Amino acid sequence: MTEYYDVEAVRKLFPVVKKMTYLDSGFQAPMSTPVKHSIEVFIKESYETAGPKSVWLERVDAARCKLAALLNAAPEEIAFTKNTSEAMNIAANALPLKSGDNVLMIHGDHPNNAYAFLNLKKKGIDIRCIPMTDAINGDAFRAQIDENTRAISMSYVTFHAGHRFDIESVGALCKEKSLYFVIDIMQAVGVVPIDVKKVGATFIGSGTHKGLLVPQGLGLLYWDRARTELEPVYLAAISLENPPADFIARPDDMAPASTAGRFELGNFNLPAIQGLTAALDLIADVGIENIQAHCFALGDKLIAGLDELDIKLVGPRDRSLRAPHIYVAALHAEEWVDYFASKDVRLSPERDGVRISLGMFNTAADIERLLEVIKERRNSHSSRAA
Ligand SMILES: Cc1ncc(COP(=O)(O)O)c(C=O)c1O
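Residues numbered from 1 in each chain as written. Predicted model: local features only at pLDDT ≥ 70, side-chain atom pairs only at ≥ 80, totals over all residues. Heavy atoms only, no water.

### Points about the overall build of the protein chain
Here is step 1: The helix and strand inventory of the protein chain stands at 13 helices and twelve strands.
Here is step 2: Its C-alpha atoms give the protein chain a radius of gyration of 22 Å, within 12% of the compact-globule value 21 Å for 386 residues.
Here is step 3: For the C-alpha atoms alone, the extent of the protein chain along its principal axes is close to 80 × 60 × 35 Å.
Here is step 4: Across the 386 residues of the protein chain, 53% fall into the buried class.
Here is step 5: Considering only contacts within the protein chain whose residues lie at least 6 apart along the sequence, 71% involve residues at least 24 apart.
Here is step 6: By element, 53% of the accessible surface of the protein chain is carried by carbon and sulfur atoms, the whole surface being about 17,200 Å².
Here is step 7: Positive and negative side-chain charges in the protein chain, numbering 42 and 50 respectively, have mean positions lying 3 Å apart. (Helix = DSSP H or I, 4+ residues; strand = E, 2+ residues; numbered from the N terminus. Rg over C-alpha atoms; globule rule 2.2 N^0.38 Å. Buried < 20%, exposed > 50% of the residue type's maximum accessible area, 1.4 Å probe, protein only. Contact = heavy atoms within 4.5 Å. Areas by Shrake-Rupley, 256 points an atom, 1.4 Å probe, with all protein chains shown as cover. Lys, Arg positive; Asp, Glu negative; His and termini not counted. Charge placed at Lys NZ, Arg CZ, Asp CG, Glu CD.)

### Some details on the pattern of salt bridges
Here is step 1: A full pass over the atoms with the stated rule returns 26 salt bridges.
Here is step 2: The partner of R11 in a salt bridge is D366, and the shortest N-O contact between them spans 3.0 Å. In this pair, R11 is assigned in helix α1 (residues 7-11) and D366 in helix α13 (residues 364-385), connecting sequence segments 355 residues apart.
Here is step 3: R11 gets classed as buried once you look at its relative accessible area, which sits at 15%.
Here is step 4: Ionic pairing is found between D300 and R319, a salt bridge with its closest N-O pair at 2.5 Å. In this pair, D300 is assigned in helix α11 (residues 288-308) and R319 in the loop between α11 and β9 (326-329), connecting sequence segments 19 residues apart. (Salt bridge = Lys/Arg side-chain N within 4 Å of Asp/Glu carboxyl O.)

### What to know about the site of the ligand
Here is step 1: Every residue near the ligand is listed here: N83, T84, S85, H110, N112, S155, F159, D184, M186, Q187 and K210.
Here is step 2: T84 places a side-chain nitrogen or oxygen 2.6 Å from an oxygen atom of the ligand.
Here is step 3: Within the side chain of D184, an N or O atom sits 2.6 Å from a nitrogen atom of the ligand.
Here is step 4: Within the shell around the ligand, the residues separate by chemical class into two nonpolar, seven polar and two charged. (Near = heavy atom within 4 Å. Polar contact = N/O pair within 3.5 Å; in protein donor to acceptor, adjacent residues only side chain to side chain. Nonpolar A, V, L, I, M, F, W, Y, C, P; charged D, E, K, R; others polar.)

### Let's talk about the sheet that holds strand β4 (residues 126-130)
Here is step 1: Taken in spatial order, the seven strands make up an open sheet running β2-β8-β7-β6-β5-β3-β4, and their pairing is mixed. Both edges of this open sheet fall to β2 (78-81) and β4, since each of them pairs with a single strand only. With direction set aside, neighbouring strand axes in the sheet form an average angle of 20 degrees.
Here is step 2: When β2 meets strand β8 (residues 219-223), the two strands line up antiparallel, connected through four bridges. Of the residues in β8, the one forming a bridge with A79 is L221. (Pairing = 2+ DSSP bridges. Axes fitted to C-alpha atoms, helices over the stretch in contact; angles between N-to-C directions.)

### Considerations on a nonpolar patch on the surface
Here is step 1: Residues V233, Y234 and L265 make up a contiguous nonpolar surface patch of about 330 Å² in total accessible area.
Here is step 2: As for its position among the elements, V233 is in the loop between β8 and α10 (270-286). (Patch = residues over 30% accessible without salt bridge, like charges linked within 9 Å, V, L, I, M, F, W, Y side chains within 5 Å.)

### Overview of the domain arrangement of the protein chain
When the parts of a complex come together, some accessible area is lost, and that lost area is often used as the size of the interface.
Here is step 1: Taken domain by domain, the protein chain consists of domain 1 (7-23 + 287-385) and domain 2 (35-283).
Here is step 2: On the domain 2 side, the residues contacting the 25 residues of domain 1 number 21 residues.
Here is step 3: In this assembly, domain 1 packs against domain 2 so that about 2,000 Å² is buried in total across both faces, 61% of it on carbon and sulfur atoms.
Here is step 4: Of all residues in domain 1, the largest losses of buried area upon contact with domain 2 belong to I288, I326 and R351, amounting jointly to 28% of the total for that side.
Here is step 5: For the pair domain 1 and domain 2, the interface holds eight residue pairs in polar contact (both at pLDDT 80 or more).
Here is step 6: Going through the elements one at a time, α11 and β9 are the ones with two or more residues in the side of domain 1 that touches domain 2.
Here is step 7: Looking at the side of domain 1 that touches domain 2, the element that brings in the most residues is α11, giving six residues.
Here is step 8: For the side of domain 1 that touches domain 2, the residue count by class is 14 nonpolar, five polar and six charged. (Domains from an automatic or database assignment. Buried area = accessible area lost by both parts, 1.4 Å probe.)

### Comments concerning the sheet that holds strand β11 (residues 348-350)
Here is step 1: Taking strand neighbours across the sheet as the criterion, the three strands line up as β9-β12-β11 in an open arrangement whose pairing is antiparallel. Two strands bound the open sheet, and with one partner strand each, they are β9 and β11. Averaged over neighbouring strand pairs, the angle between their axes works out to 35 degrees when direction is ignored.
Here is step 2: Pairing of β9 with strand β12 (residues 353-357) involves four bridges; the strand directions are antiparallel. The residue bridging I326 from the neighbouring strand is S357, located in β12.
Here is step 3: Sheet strands touched by α11: β9 and β12. Its angle to β9, the strand with the most contacts, is close to 10 degrees.

### Some words on the nonpolar core
Here is step 1: Core analysis: the largest hydrophobic core is formed by 97 residues, its most contacted members being F141, F340 and M360.
Here is step 2: Looking at this core, the element that brings in the most residues is α10, giving ten residues.
Here is step 3: When residues of this core are sorted by domain, at least three fall in each of domain 1 (7-23 + 287-385) and domain 2 (35-283).
Here is step 4: F141 has contacts with L104, M105, I106, I130, I136, I152, M154, V170 and L173, leaving out every residue within four places of it along the chain.
Here is step 5: Formed by 26 residues, the second largest nonpolar core is a distinct cluster that contains A87, L95, A114 and L221. (Core = buried A, V, L, I, M, F, W, Y, C linked by side-chain atoms within 4.5 Å.)

### Brief notes about the packing of aromatic side chains
Here is step 1: Applying the stated criterion across every chain yields a total of nine aromatic pairs.
Here is step 2: Their ring planes at 45 degrees and their centres at 4.5 Å tell us that F42 and W56 sit as a pair that is tilted. One end of the pair, F42, is in helix α3 (residues 33-49); the other, W56, is in helix α4 (residues 53-71), with 14 residues separating them in the sequence.
Here is step 3: You can call F42 buried: its relative accessible area is 9%. (Phe/Tyr/Trp six-rings, centres within 6.5 Å; stacked < 30°, edge-to-face > 60°.)

The structure is reproduced here in structure tokens:
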């Protein structure tokens, strides 16, 4: 038991912890037993009866409702996509931008967000980047806005250093200046509470294989349904308000759906969406605020341990600027990642060090193990040098 929830009970749902110290949820969440079970139900149904599809589609809508609840959106504002990249591309291409307009971004933000907008350069749209700092907020963008600025696109939490930017003040700036606001929440969702209405987002995009705990290949798109002028670039029958019941396309009736379904194309990733339902139930049971608080507490312990070892933290230290669950220690990745793997400690190499990323199942013992393993190597090096 921790202060926030019964982490030992949660841990039992993530068998990966028996094999290794898993500190890599920022790369991919390990599969939990409820998610595995949910996907197995789909496999059994698919294997034995190839359906019924109507039941599967009801479950898609159930997952959509749960996702909407997590983000404080309406279910009609949530579309399923393949991943973050697809969501960001849908968003970038739905904005009514014309040659000479400009979009503001952050230099060094995730490439899957950046390329969706950089690709608009060929239509004459200018993409301008502000420098990455520890504290991006509305004021950081304000001076760059001119009469041709139409949108801001940015990540909420950075993958490479665990910044958690002040999207509320950026959203307020977008409202003040009548700009569209697009947010990549891939590294935040499932750990950091997000209220899309409070933030004033036009679109948000994400995949589901990190904080949302399912395998790769499923994403989401939130669309502010008040923005009816934003239409999809691609169309399929399910994107329409009136899909033809007889399956004969009607060129005179192609109005997009009044829901975020307008951005959906064809059939769904049904097994992953079924897994997502179980993951969202687990997150709701534990409580997103509790997950955040638990990760912050582990992060405090990690920072104190790194300080003791005189290892620099690459991203921000302050809780008001950092994500609860992503930390980069300034250790040369090339020298350290294989060593950690040899000690069954799983983490990721990053731009400026090694990334330790936490999930709801991590404990203080995981942090202690990481610090112990760093000490062991240092001690063996210094005894060899002596
Ligand atoms: C901020 C951010 N955006 C997007 C992605 C991934 O994009 P996609 O879901 O398209 O693979 C990642 C990491 O995988 C990320 O950290």
